[in-house]
Amino acid sequence: MRLRAVFPVFAVATLTLLSACGFRPLYATSGDNYNTAANMARVNVALINDRVGQVTRNALLETLTPRGQVTSPLYDLKVTVTESTSGQGFTKDNEATISDYLIKGKYELVRRSDSKILRKGNVRARTSYNIVDSDFASIEAEDAARSDAARNLAQQLANQVAIGLRSQ
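This one's a predicted model, so the numbers in the text were calculated from it and none came from an experiment.

Visitor: Hey, could you run me through the overall build of the protein chain in this one?
Guide: Looking only at helices and strands, the protein chain features four helices and four strands. Along the protein chain, from the amino end to the carboxyl end, the secondary structure elements read α-α-β-α-β-β-β-α. Evaluated residue by residue, the protein chain yields a buried proportion of 33% over its 168 residues. Counting every atom, the protein chain has about 11,000 Å² of accessible surface; 52% of that belongs to carbon and sulfur.

See below:
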């Protein structure tokens, strides 16, 4: 019974502290004239090498510019992608039955007007797939894992872009 009486006081104190520290939701538009989605649409995503880079870029464009790219972007996003696989779950004959697929992305968000780097860093996405006796099924599982990881990486990159644009 005593915990129920303390909870509302704790909730109000927490909300007060959050507003005092400068916390603001990433996609919030009230209180200021900043629109995260509109600014994200002004990002030019550079070409990314390899097939996984193409899938990542396409998923990133779908997230950043769902209504199409603008003619005069204000920001450039450069991404380099590396991928690796490692066998897991070995049989008695030392053959892998599961493979981990890892994509690492190094990104840099640059404002075009003054070439200032707004945000840079690394993100990664990991997924697993089964290796079965059928070569076709294993190849399809690997392709599906690659696509899933690329979409996950693109979402993480979009989040980093939103943070970088919001904090400028």
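Visitor: Any chance you could explain the pattern of salt bridges here in plain terms?
Guide: Per the counting criterion, the structure on display carries six salt bridges. Glu83 is the salt-bridge partner of Arg146, the closest N and O atoms lying 3.2 Å from each other. In this pair, Arg146 is assigned in helix α4 (residues 135-166) and Glu83 in strand β2 (residues 75-90), connecting sequence segments 63 residues apart. On the basis of relative accessibility, which here comes to 36%, the residue Glu83 falls in the partly exposed class.

Visitor: What should I look at first to understand the sheet that holds strand β3 (residues 96-111) in this one?
Guide: Strand pairs in the sheet, formed through backbone hydrogen bonds, run parallel or antiparallel to each other. The four strands lie next to each other as β1-β2-β3-β4, forming an open sheet whose pairing is mixed. A single partner strand is all that each edge strand has here, and the edge strands are β1 (43-45) and β4 (117-130). Ignoring strand direction, the axes of neighbouring strands in this sheet form an average angle of 25°. Of the pairings in the sheet, the one linking β1 to β2 comprises three bridges and is parallel in character. Within β2, the residue paired with Val45 across the bridge is Leu77.

Visitor: Even after reading the chapter, I still don't get unusual backbone geometry, so can you show me in this structure?
Guide: A negative phi angle characterises most non-glycine residues, just as the trans form characterises most peptide bonds. You will see that Asp50, though not glycine, has its phi angle at about 75°, which is positive. By the secondary structure assignment, Asp50 is in helix α3 (residues 50-64). The phi dihedral of Ser115 falls on the positive side, at around 60°, and the residue is not glycine. Secondary-structure assignment places Ser115 in the loop between β3 and β4.

Visitor: Sorry, what's going on with the packing of α3 against α4 here?
Guide: Each pair of packed helices can be described by the angle between their axes along with the distance between the axes. Taken N-terminus to C-terminus, the directions of α3 and α4 make an angle of 45°; their axes are 8 Å apart at the nearest point. Taken together, α3 and α4 sit at an angle that is classed as oblique. In this structure, α3 meets α4 at a crossing whose hand is right-handed. Within the contact between the two elements, α3 uses Val52, Val55, Thr56, Ala59, Leu60, Thr63 and Leu64 and α4 uses Arg146, Ser147, Ala150, Arg151, Leu153, Ala154, Gln155, Leu157, Ala158 and Val161. Its residues assigned to classes, the contact of α3 with α4 shows 11 nonpolar, four polar and two charged.

Visitor: How should the nonpolar core be read in this particular structure?
Guide: Soluble globular proteins: nonpolar side chains tend toward being buried together. Judged by nonpolar contacts, the single largest core of 32 residues is most densely connected at Val43 and Leu77. Looking at this core, the element that brings in the most residues is α4, giving 10 residues. Other than its neighbours up to four places away in sequence, Leu77 contacts Val43, Asn44, Val45, Ala46, Leu60, Tyr107, Glu108, Leu109 and Val161.

Visitor: Could you clarify how one ought to interpret the pairing of β4 in this entry?
Guide: Both faces of the sheet carry side chains from a regular strand, because those side chains alternate between them. Across 13 bridges, β3 lies against β4 in antiparallel orientation. Residue pairing in the sheet places Tyr101 in a bridge with Thr127 of β4. Connecting β3 to the next strand, β4, in antiparallel fashion are five residues, including Ser115 with a positive phi near 60°.

Visitor: Whenever I open this one, the environment of Lys116 confuses me. Can you help?
Guide: Positionally, Lys116 belongs in the loop between β3 and β4. In this structure, the C-alpha to C-alpha distance between Lys116 and Tyr75, residues 41 residues apart in sequence, is 9.7 Å.

Rules and cut-offs
Residues numbered from 1 in each chain as written. Predicted model: local features only at pLDDT ≥ 70, side-chain atom pairs only at ≥ 80, totals over all residues. Heavy atoms only, no water. Helix = DSSP H or I, 4+ residues; strand = E, 2+ residues; numbered from the N terminus. Buried < 20%, exposed > 50% of the residue type's maximum accessible area, 1.4 Å probe, protein only. Areas by Shrake-Rupley, 256 points an atom, 1.4 Å probe, with all protein chains shown as cover. Salt bridge = Lys/Arg side-chain N within 4 Å of Asp/Glu carboxyl O. Pairing = 2+ DSSP bridges. Axes fitted to C-alpha atoms, helices over the stretch in contact; angles between N-to-C directions. Parallel < 35°, antiparallel > 145°, perpendicular 65-115°, else oblique. Left-handed = near helix turned anticlockwise from the far one by under 90°. Contact = heavy atoms within 4.5 Å. Nonpolar A, V, L, I, M, F, W, Y, C, P; charged D, E, K, R; others polar. Core = buried A, V, L, I, M, F, W, Y, C linked by side-chain atoms within 4.5 Å.

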